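Examination of the molecular architecture
These are the residues of each chain, in order.
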Amino acid sequence: MVQINSRDELVAQIDALGVAGTVKAHRKPPLPTRILRDLYELYHDQDTYLEFLACYPLIPSDLADLIASQLDPSKTAIAIGLAGNPRCPQQALNRLVKHPQVAVRHALANNPNLTPKEFQVMVQDDNPFVRAGIAQNSSLPVHLQFLLAEDASSAVRIALAGR
């Protein structure tokens, strides 16, 4: 692993390894917050670098919230990164609960940091794969497990039984 000391070095590594490769390479030790903020300040209009920030599990929560608050719903990869990120703050998760893309809501369904209110909304999602994802979430409140146990979709009931 190469030590990253500047925003430009991080950009070069993202370009070389891609988003997933760079995220994997820099979980330990974490990237300095200064470099992450510099990356956002200069490249906030470029999807690849926003996707990296959204997926990076050690992103400062205020930066994740800023990305979520300005997110174009058509930028699905960025939204999926935020939805699955354990550092994504509650305000950002709440914005993603009603995202128009099923893939984003499905990624969000697996996030253990959802609040009971967000779970309540998501167990009523129109898409059975989103509800099945919620059924597998270890943080799902018990009363909502009972609701999903009677879901019309067998995929949801099977997912709940397999927890």
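Up top is the structure.
Residue positions are given per chain, counting from 1 as you read along its sequence in written order. Reporting of local features is limited, given that this is a predicted model, to residues whose pLDDT is at least 70; pairs of side-chain atoms are given and counted only at 80 or more, and all residues count toward the totals for whole chains, interfaces and linings. To obtain the side-chain values, all non-hydrogen atoms of the structure were included, while hydrogens and water were left out.

This brings us to unusual backbone geometry. In this model, K28 is joined to P29 through a cis peptide bond whose omega is -10 degrees. You can see P29 is positioned in the loop between α1 (7–25) and α2 (33–43). Only DSSP runs of H or I with at least four residues qualify as helices, and only runs of E with at least two residues qualify as strands; both kinds are numbered from the N terminus onward.

Here the focus is the environment of L63. Here L63 shows up in helix α4 (residues 61–69). Remark: the alpha-carbon pair of L63 and A16, spanning 47 residues in sequence, is separated by 24 Å. Only heavy atoms matter for contacts: two residues are in contact if any of them lie within 4.5 Å across the pair. Once residues within four sequence positions are removed from consideration, L63 is found in contact with L36, R37, Y40 and L53.

Looking now at helix α11 (residues 154–161). Burial classification: accessible surface area is computed with a 1.4 Å probe over protein chains only, and a residue below 20% of its type maximum counts as buried, one above 50% as exposed, and the rest as partly exposed. By the burial criterion, the buried members of α11 are V156, A159 and L160. The buried residues of α11 all sit within an arc of 100 degrees when viewed along its axis, so they share a single face. Across from the buried face of α11, at angles greater than 90 degrees, the exposed residues are I158 and A161. On the buried face of α11, the contacting elements are α9 (128–136) and α10 (142–149). To be clear, the arc concerns the directions from the helix axis to the C-beta atoms.

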